[in-house]
Amino acid sequence: MLASGNYLAGRSLATVLFLSLRMKRPLFLEGEAGVGKTEIAKVLSAALDRPLIRLQCYEGLDISSAVYEWNYPAQMLEIRLAEASGTTDRSRIEADIFSERYLIRRPVLQALSVPDGRAPIFLIDELDRTDEAFEAFLLEVLSDFQVTVPELGTIRAVEPPIVIITTNRTREVHDALKRRCLYHWVDYPEAAQELEIIRRKVPGCNETLSRQVVAYVQKLRALDLFKNPGVAETIDWATALTELDRVALDPETVSDTLGTLLKYQDDIARIDGAEGRKLLDDVKAGLAATG
């Protein structure tokens, strides 16, 4: 199924994903940025023909942005109209303004209340960017797939969503949340797998160039860089080189296009010189030796 969506997964990832779907347990994916964690949710959405609901996490994320909030301007307008019409029944006004039509559903509540009963793919992306308070709130969601709205009561999912949680491990996520999930570490792909990814994602890329790009990136990851290039950067670099009609790497081309591969100036300055030329020579020599 993943391969049909042009996602190449190892046996361990395919197995844990299969178990997550069968056991109806959230899948917790951890790994460096750019290794394809988010892409798994997108491929699942397309392959299973389910809607994708994405909660992009960030510092300061709260319930009003992630779960729900009330449409206060519309509620105030309703109160003014009720006063103008002479309605004085406070309980009736309160029941009306705190009804479903004034509830704004954010990603968490959307994932739990899909009307047709077809559970969506619920992607909680980069959870490590939020704080521990929001993690604690998610425990109720991941345990019972429900959210409590004080004015309306508890809203439960008719069918639990398929939950994918990703983290770049900028901080540790609490064990209580991890225990509710199946876990998998998504690592950088090996050379053969990354080459096949390039073939699928950048079909116009010359074969010799594809091999050189993959070998070069694999060697870069072995260096002590501030930020290693991920698979997304490899694809971008191969695409950029194809757009420039290159069929092989040369020092000038590498220097001109490093910005698509590396995102920190210190890393670019280090590679854009003698070390980068030596790296390219090693790549070409290694590929020539293996035919």
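This text follows the structure it describes.
Definitions and limits used
Residues numbered from 1 in each chain as written. Predicted model: local features only at pLDDT ≥ 70, side-chain atom pairs only at ≥ 80, totals over all residues. Heavy atoms only, no water. Helix = DSSP H or I, 4+ residues; strand = E, 2+ residues; numbered from the N terminus. Buried < 20%, exposed > 50% of the residue type's maximum accessible area, 1.4 Å probe, protein only. Contact = heavy atoms within 4.5 Å. Expected span 1.5 Å × (residues − 1). Arc of directions from axis to C-beta. Polar contact = N/O pair within 3.5 Å; in protein donor to acceptor, adjacent residues only side chain to side chain. Salt bridge = Lys/Arg side-chain N within 4 Å of Asp/Glu carboxyl O. 1 Å grid on protein atoms, 1.4 Å probe; cavity = no way out; pocket = protein on both sides within 12 Å on 5 of 7 lines; lining within 4 Å. Points joined across faces, edges and corners; volume = space filled by probe spheres on them. Nonpolar A, V, L, I, M, F, W, Y, C, P; charged D, E, K, R; others polar.

Enquirer: How would you summarise the environment of arginine 50 if you had to cite specific residues and measurements?
Expert: Positionally, arginine 50 belongs in the loop between α2 (37-48) and β2 (52-56). Here arginine 50 falls in the partly exposed class, since its relative accessible area comes to 24%. Distance in space between the C-alpha atoms of arginine 50 and leucine 127 is 22 Å, their sequence separation being 77 residues. Contacts of arginine 50, omitting those with residues within four sequence positions, involve Ser45, Arg118, Ala119, Pro120, Ile121, Glu159 and Ile162.

Enquirer: Lay out unusual backbone geometry with the relevant residues and their values.
Expert: In this structure, glutamate 126 takes a positive phi of about 60° despite not being glycine. Its location among the elements puts glutamate 126 in the loop between β5 (121-125) and α7 (132-144). Exposure remark for glutamate 126: the relative accessible area of 18% places this residue in the buried category. Unusually for a residue other than glycine, phenylalanine 145 sits at a positive phi of about 50°.

Enquirer: Now, about helix α4 (residues 72-84): what can you tell me, with residues and values included?
Expert: If you check α4, its first and last C-alpha atoms are 18 Å apart, about what 13 residues at 1.5 Å a residue would give, namely 18 Å. Turning to α4, its buried residues are Gln75, Glu78 and Ala82. All buried residues of α4 project into a common sector of 60° when viewed along the axis, lining one side. Turned more than 90 degrees from where α4 packs its buried face, Pro73, Leu77, Leu81, Glu83 and Ala84 sit exposed. Elements in contact with the buried residues of α4: β3 (68-70) and α5 (90-97). Where α4 terminates, the next one or two residues include glycine 86, which has phi positive at roughly 90°.

Enquirer: Lay out the environment of serine 45 in plain terms, naming residues and giving numbers.
Expert: Considering the arrangement of structural elements, one finds serine 45 in helix α2. Non-local contacts of serine 45, meaning those with residues more than four positions away in its chain, are made with Arg50, Pro51, Leu52 and Ile121. A distance of 2.6 Å separates a polar side-chain atom of serine 45 from the backbone oxygen of arginine 50.

Enquirer: Can you explain the pattern of salt bridges? Please cite residues and give values.
Expert: Here the structure, examined in full by the defined rule, presents 18 salt bridges. Measuring nitrogen to oxygen at the nearest pair gives 2.8 Å for the salt bridge that ties glutamate 126 to arginine 129. Exposure remark for arginine 129: the relative accessible area of 46% places this residue in the partly exposed category. Linking arginine 171 and glutamate 135 is a salt bridge whose minimum nitrogen-to-oxygen distance equals 2.6 Å. One end of the pair, arginine 171, is in the loop between β8 (162-167) and α8 (175-178); the other, glutamate 135, is in helix α7, and 36 residues separate them in sequence. Residue class for arginine 171 comes out partly exposed when judged on its relative accessible area of 22%. The exposure class assigned to glutamate 135 is buried, which follows from its relative accessible area of 4%.

Enquirer: How would you summarise the layout of surface pockets if you had to cite specific residues and measurements?
Expert: The calculated volume of the largest pocket comes to roughly 880 Å³. Looking at the largest pocket, it is lined by 38 residues, and the ones nearest its centre are Gly34, Val35, Gly36, Lys37 and Val231. Looking at the lining of the largest pocket, the elements with two or more residues in it are α1 (11-23), α2, β9 (182-185), α9 (191-201) and α11 (231-243). A breakdown of the residues in the lining of the largest pocket according to their chemical character gives 15 nonpolar, eleven polar and twelve charged. Taken as a whole, the second largest pocket holds about 220 Å³ of empty space. Lining the second largest pocket are 14 residues, and of these Leu21, Lys24, Pro160, Pro161 and Ile162 lie nearest its centre. For the lining of the second largest pocket, the secondary structure elements donating two or more residues are α1 and β8. Looking at the lining of the second largest pocket residue by residue, the classes come out as nine nonpolar, one polar and four charged.

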